[in-house]
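# Chain and residue survey
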2 protein chains.
Amino acid sequence: MAALGVAFLALTAADKPAPSPQEVIDAAPASAWKDIPAEDLVLIRFKDGSSSVLQLAPAFAPVHVANIKTLVKTGWLNSAALIRVQDNYVTQWGYPDAEEAPLPAGVVKVPPAEYDHAPSKAFKPLPYKDSFSRAGHVATWPAATDGKRQWLVHCYGMIGVARDVAPDTGSGSQLYTVIGQAPRALDRNVTLVGRVVAGMENLSARPRGTEELGFYKAPPEAGRFTSVTLVSDLPASERPKFQVMDTDSATFADWVKARANRSGTFFVKSAGAIDICNATAPIRPKP
Amino acid sequence: MAALGVAFLALTAADKPAPSPQEVIDAAPASAWKDIPAEDLVLIRFKDGSSSVLQLAPAFAPVHVANIKTLVKTGWLNSAALIRVQDNYVTQWGYPDAEEAPLPAGVVKVPPAEYDHAPSKAFKPLPYKDSFSRAGHVATWPAATDGKRQWLVHCYGMIGVARDVAPDTGSGSQLYTVIGQAPRALDRNVTLVGRVVAGMENLSARPRGTEELGFYKAPPEAGRFTSVTLVSDLPASERPKFQVMDTDSATFADWVKARANRSGTFFVKSAGAIDICNATAPIRPKP
């Protein structure tokens, strides 16, 4: 079976070299995983019966995240839709401009530009070079720094706030997620507010829009929302629960090392390198 | 309209800064574009009526590409299918193992490992650093080098040969294309044989497979092929024609510079950097 990587799963004790990334994950102690707070999780249900779960990052974009939580809690987003899918770039959701109702009370229409931050001591550099800046993680989030400022980076599955030209920063009524090669040129230009933790395929595998910039002429019914809910507002028994690998753990360091130095019977040459967007923290349903 | 980049298209002469990447493309002289030879183009038609066009790279993987051309010309691939779609990784096609007929005469079953090459003087380095190696272009293809060897790199839309564990190199009967963050760990481990030049969305936006590694349990009918044709075997009037930007041209250098240093009314901060997979050569239908 020409499976392009099936060897990862077929290693036997007899020819076992350094552990594979998956073996590092499988052997991770419970202490290497951190629960994701239910109040930061947003569940989107689509008309086609599928769903996606987003994790918000209040520590990095407090005003935008507060806006988004208000939009969710007031039900304002309940019948929004996927409105744009541009191949190798982004999937964007919200209301088509003509459908957008006035924002509910409490939403800050032009929040401060939460594009970057003072450097945090929690920044843990990746021990590999990066094409763009010094890259690493802050409390499980992919980040970069130039020594003076620090910011989240546009990796696959990261969620940002769509906006028009500066000084507009976007209210959070339209969000997007990255569905292709990391568009790092957007770093420090757009507010990143979270990441997709489940159902990424229900955002990335949608039909591409045919209008300019991948907007849909009309949002397909399948990608209309039926509800958007803060997971902490669901009955306890219905809450999806997720964990993210602690990026300060020894397990995470081992996993990154294994990703950067692939071995086993499939790999002929190891890269000895990795970029930040191939080193985003593993996420799993809570066992 | 919170369009995330609409400003590119809305610049007026009044506030015109450095040209945007799109403006560089729009102003490119005809001499900056190179015709892609019809004999290197493969047209795949799917049962859902959509299609994709691939460009093969015989200069980099002559034995694998000869195999693929034989598989196309003999009609062996005519009823193949998309068999695997793994989110943020690859879409793979060929026959499910149980369906694969014996390879036609002339196909080399275990070709030489065309993973890398002696350095070519045609290598034009990108004037920006790369997370993995020294990166650049060879005759319009994204490539990297360590000074001793040179190889094509796994950018979005690049096409590789699926294989099992080494020393298997894959015959070319199953191919894949990258549909997510560049999996550069595969560089020098798998033979890259080309790129998708049109209809990428008909490969990237397919339903993800639910089996291990994103294989389909059974290939969906929509992703079955109805024909696979070498474009040079089509009647002249029916041949799709494409051009790729000459990566040795001044226009291409300007375009890369504009991509690395975004400006205009949308961008607040310029990255001053770019990675090779955000700098792959623009491709267009021949005007």
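The following refers to the structure shown. Counting restarts for each chain, with residues numbered from 1 along the sequence as it is written. Each chain gets a letter, beginning with A, and each ligand a number, beginning with 1, in the order they are written. Where local features are concerned, this predicted model is filtered to residues with pLDDT of at least 70; where side-chain atom pairs are given and counted, the filter is 80 or more; whole-chain, interface and lining totals use all residues. Hydrogens and waters are ignored; side-chain quantities use all the structure's heavy atoms.

Glancing now at the sheet that holds strand β5 (residues 90-94) of chain A. Residue and element names in this part refer to chain A. A sheet is described by the order of its strands in space; here 8 strands give the open sequence β4-β5-β11-β10-β12-β3-β2-β13, paired in antiparallel fashion. The open sheet is flanked by β4 (81-86) and β13 (225-230), the only strands paired with a single partner. Ignoring strand direction, the axes of neighbouring strands in this sheet form an average angle of 25°. By this definition, two strands are paired if DSSP reports at least two bridges between them. Strands here mean DSSP runs of E at least two residues long; helices mean DSSP runs of H or I at least four residues long; both are numbered from the N terminus. In this structure, strand β3 (residues 51-56) lies alongside strand β12 (residues 192-198), joined through 4 bridges in antiparallel fashion. Its bridge partner being in β12, L54 is matched across the sheet by V196. Contacting β2 (41-46), β3, β10 (158-161), β11 (175-178), β12 and β13, helix α2 (residues 62-73) crosses the sheet at an angle of about 125° to β13. Fitted lines through C-alpha atoms serve as axes, helices being fitted only where they are in contact, and the angles separating the N-to-C directions of these axes extend from 0 to 180 degrees. In what follows, a contact means two residues having at least one pair of non-hydrogen atoms within 4.5 Å.

All names here are of chain A. Looking along the chain, the bond that leaves A166 and enters P167 is cis, with omega of 15°. Among the structural elements, P167 can be located in the loop between β10 and β11. For N88, which is not glycine, the phi torsion reads 60° and is therefore positive. You can see N88 is positioned in the loop between β4 and β5. Notably, T140 is not glycine yet its phi reads approximately 80°, a positive angle. Here T140 shows up in the loop between β7 (134-138) and β8 (141-145). Each residue gets one of three labels from its accessible area relative to the maximum for its type: buried under 20%, exposed over 50%, partly exposed in between, using a 1.4 Å probe on protein chains only. T140 sits in the buried class, given a relative accessible area of 4%.

Turning next to the state of the cysteines. Residues and elements named next belong to chain B. The disulfide definition used here is simple: a pair of cysteine sulfur atoms within 2.5 Å. Tallied over the full model, the rule gives 2 disulfides over all chains. What pairs with C155 in a disulfide is C277, and their sulfur atoms sit 2.1 Å apart. The S-S bond linking C155 to C277 shows a torsion near -75°; that makes this disulfide left-handed. Highlighted residues: C155 in the loop between β9 (150-152) and β10 (158-161) and C277 in the loop between α5 (250-260) and β15 (283-285), separated in sequence by 122 residues. For the pair shown, C155 and C277 are each scored as buried.

A ring pair, where both rings are aromatic, is described by two values, the distance of the centres and the angle of the planes. Note on aromatic contacts: the rings of Phe and Tyr and the six-membered ring of Trp form a pair at centre separations within 6.5 Å, being stacked when their planes are under 30 degrees apart, edge-to-face when over 60 apart, and tilted otherwise. Within this structure, the stated rule accounts for 10 aromatic pairs over all chains. A centroid spacing of 5.2 Å and a plane angle of 80° characterise the contact between F266(B) and F267(B), whose relative ring orientation is edge-to-face. A relative accessible area of 8% places F267(B) in the buried class. The criterion is that NZ of a Lys, or CZ of an Arg, lies within 6 Å of the ring centre and within 35 degrees of the ring normal, and then a charge sits over that ring. When the ring centre of F266(B) is taken as reference, the NZ or CZ atom of R163(A) above it lies at 4.0 Å.

Below, the discussion takes up the side chain of K69(B). All names here are of chain B. Positionally, K69 belongs in helix α3 (residues 62-73). Two N or O atoms form a polar contact when they lie within 3.5 Å of each other; inside protein one atom must be a possible hydrogen donor and the other a possible acceptor, and for residues adjacent in sequence the pair counts only when both atoms belong to side chains. Reaching out from K69, the side chain makes a polar contact with the side chain of D40 at a distance of 3.1 Å. Every residue in contact with K69, bar those within four places of it in the chain, is listed here: E39, D40, L56 and L230.

It is worth spelling out the interface of chain A and chain B at this point. Listed as interface residues are 62 residues of chain A and, on the opposing side, 62 residues of chain B. At the boundary of chain A with chain B, total buried surface from both sides reaches about 5,300 Å², with 57% on carbon and sulfur atoms. We define a salt bridge as a contact between a side-chain nitrogen of Lys or Arg and a carboxyl oxygen of Asp or Glu at a distance within 4 Å. Across the contact surface, chain A and chain B share 0 salt bridges. For the pair chain A and chain B, the number of links is 22 residue pairs in polar contact (both at pLDDT 80 or more). Looking at the side of chain A that touches chain B, the elements with two or more residues in it are β5 and α3 (201-204) of chain A. Each residue is assigned to one of three groups, with Ala, Val, Leu, Ile, Met, Phe, Trp, Tyr, Cys and Pro labelled nonpolar, Asp, Glu, Lys and Arg labelled charged, and all others, Gly among them, labelled polar. In terms of residue class, the side of chain A that touches chain B is built from 33 nonpolar, 11 polar and 18 charged. Buried area is calculated as the accessible area (1.4 Å probe) missing from two parts once they are joined, with the contributions of both summed.

All names here are of chain B. The buried fraction of strand β4 (residues 81-86) amounts to 5 of the 6 residues, a majority that puts the element mostly inside the structure. In this structure, β4 lies alongside strand β5 (residues 90-94), joined through 5 bridges in antiparallel fashion. The residue bridging Q86 from the neighbouring strand is V90, located in β5. Between β4 and β5, which pair antiparallel in sequence order, lie 3 residues; one of them, N88, sits at a positive phi of approximately 55°.

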